[in-house]
Amino acid sequence: MSEQWPAHRPPRMPDASRGYGTPRVRNISVGYRRWAGILLWSAIIVGSLMVLAFVASLVLLVQADKDTAKASLGYLALFLWFGIAAAVPVLLAVAIPGVVMTRRVRQERSRFGPAAGV
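Quick caveat, the model's predicted, so the values are computed rather than measured.

Some points on the overall build of the chain
Stage number 1. Along its length, the chain carries 3 helices and 0 strands.
Stage number 2. In sequence order, the secondary structure elements of the chain are arranged as α-α-α.
Stage number 3. Here the chain holds 118 residues, and the buried ones make up 20% of them.
Stage number 4. Restricting the contact set of the chain to residue pairs at least 6 apart, pairs at least 24 apart contribute 69%.
Stage number 5. Carbon and sulfur atoms make up 67% of the accessible area of the chain, which amounts to about 9700 Å² in all.

Below is the structure:
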């Protein structure tokens, strides 16, 4: 084995194109736009199903309160509330990225004109 030390190379300094320059404009792809729409519409669907489940639970509670023979409908309303509580994290996990991605797509369209969104 040789007794030579490896050559000393000074650390690379970031140049303007890497670290300290203006940020590059990222083009938003068609797939990004598609996923933004999918996530946004998924959030709308999950939210509307949650509203529908809440209204149905209220109807079931009214039906259970009217007649003691239908008291089991109150338990069904309770299960719907558990479903709503379980769907809240799903709604947040879908809605927040969907809104952020849609906002970025709209900013790109307003910056580059309607031809950029095609």
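Some remarks on the side chain of Ser57
Stage number 1. Considering the arrangement of structural elements, one finds Ser57 in helix H2 (residues 30-66).
Stage number 2. The exposure class of Ser57 is buried, given its relative accessible area of 0%.
Stage number 3. When near neighbours in sequence (up to four residues on either side) are disregarded, Ser57 contacts Ala77, Leu80 and Trp81.

What about the environment of Val59?
Stage number 1. By the secondary structure assignment, Val59 is in helix H2.
Stage number 2. By relative accessible area, which is 48% here, Val59 ends up partly exposed.
Stage number 3. Between the C-alpha atoms of Val59 and Leu73, which are 14 residues apart in sequence, the distance is 9.3 Å.

Looking at a nonpolar patch on the surface
Stage number 1. A contiguous nonpolar surface patch, about 1200 Å² in accessible area, is contributed by Val51, Phe54, Val55, Leu58, Val59, Leu61, Tyr75, Leu76, Leu78, Phe79, Trp81 and Phe82.
Stage number 2. Where the nonpolar patch is concerned, the elements lending two or more residues are H2 and helix H3 (72-112).
Stage number 3. You can see Leu58 is positioned in helix H2.

Remarks on the nonpolar core
Stage number 1. Counting 7 residues, the largest nonpolar core is built from Ile28, Ala36, Leu39, Ala43, Val94, Met101 and Val105.
Stage number 2. Listing elements by their share of this core, those giving two or more residues are H2 and H3.
Stage number 3. When neighbours within four sequence positions are excluded, Val94 is seen to be in contact with Leu39, Ser42 and Ala43.

As for the confidence of the model for the chain
Stage number 1. Mean pLDDT for the chain: 85, with 81% of residues reaching 70 or above.
Stage number 2. Of all helices and strands in the chain, the one with the weakest mean pLDDT is helix H1 (residues 16-20) (56), whereas H2 scores best (96).

Things to note about H2
Stage number 1. With 37 residues, H2 extends 54 Å between its outermost C-alpha atoms, agreeing within 8% with the 54 Å of an ideal straight helix rising 1.5 Å per residue.
Stage number 2. Of all the positions in H2, only Arg33, Ala36, Leu39, Ala43, Gly47, Met50, Ala53, Ser57, Leu60 and Ala64 are classed as buried.
Stage number 3. Where H2 is buried, its residues touch H3.

Conventions used here
- Residues numbered from 1 in each chain as written.
- Predicted model: local features only at pLDDT ≥ 70, side-chain atom pairs only at ≥ 80, totals over all residues.
- Heavy atoms only, no water.
- Helix = DSSP H or I, 4+ residues; strand = E, 2+ residues; numbered from the N terminus.
- Buried < 20%, exposed > 50% of the residue type's maximum accessible area, 1.4 Å probe, protein only.
- Contact = heavy atoms within 4.5 Å.
- Areas by Shrake-Rupley, 256 points an atom, 1.4 Å probe, with all protein chains shown as cover.
- Patch = residues over 30% accessible without salt bridge, like charges linked within 9 Å, V, L, I, M, F, W, Y side chains within 5 Å.
- Salt bridge = Lys/Arg side-chain N within 4 Å of Asp/Glu carboxyl O.
- Core = buried A, V, L, I, M, F, W, Y, C linked by side-chain atoms within 4.5 Å.
- pLDDT = per-residue confidence, 0-100.
- Expected span 1.5 Å × (residues − 1).

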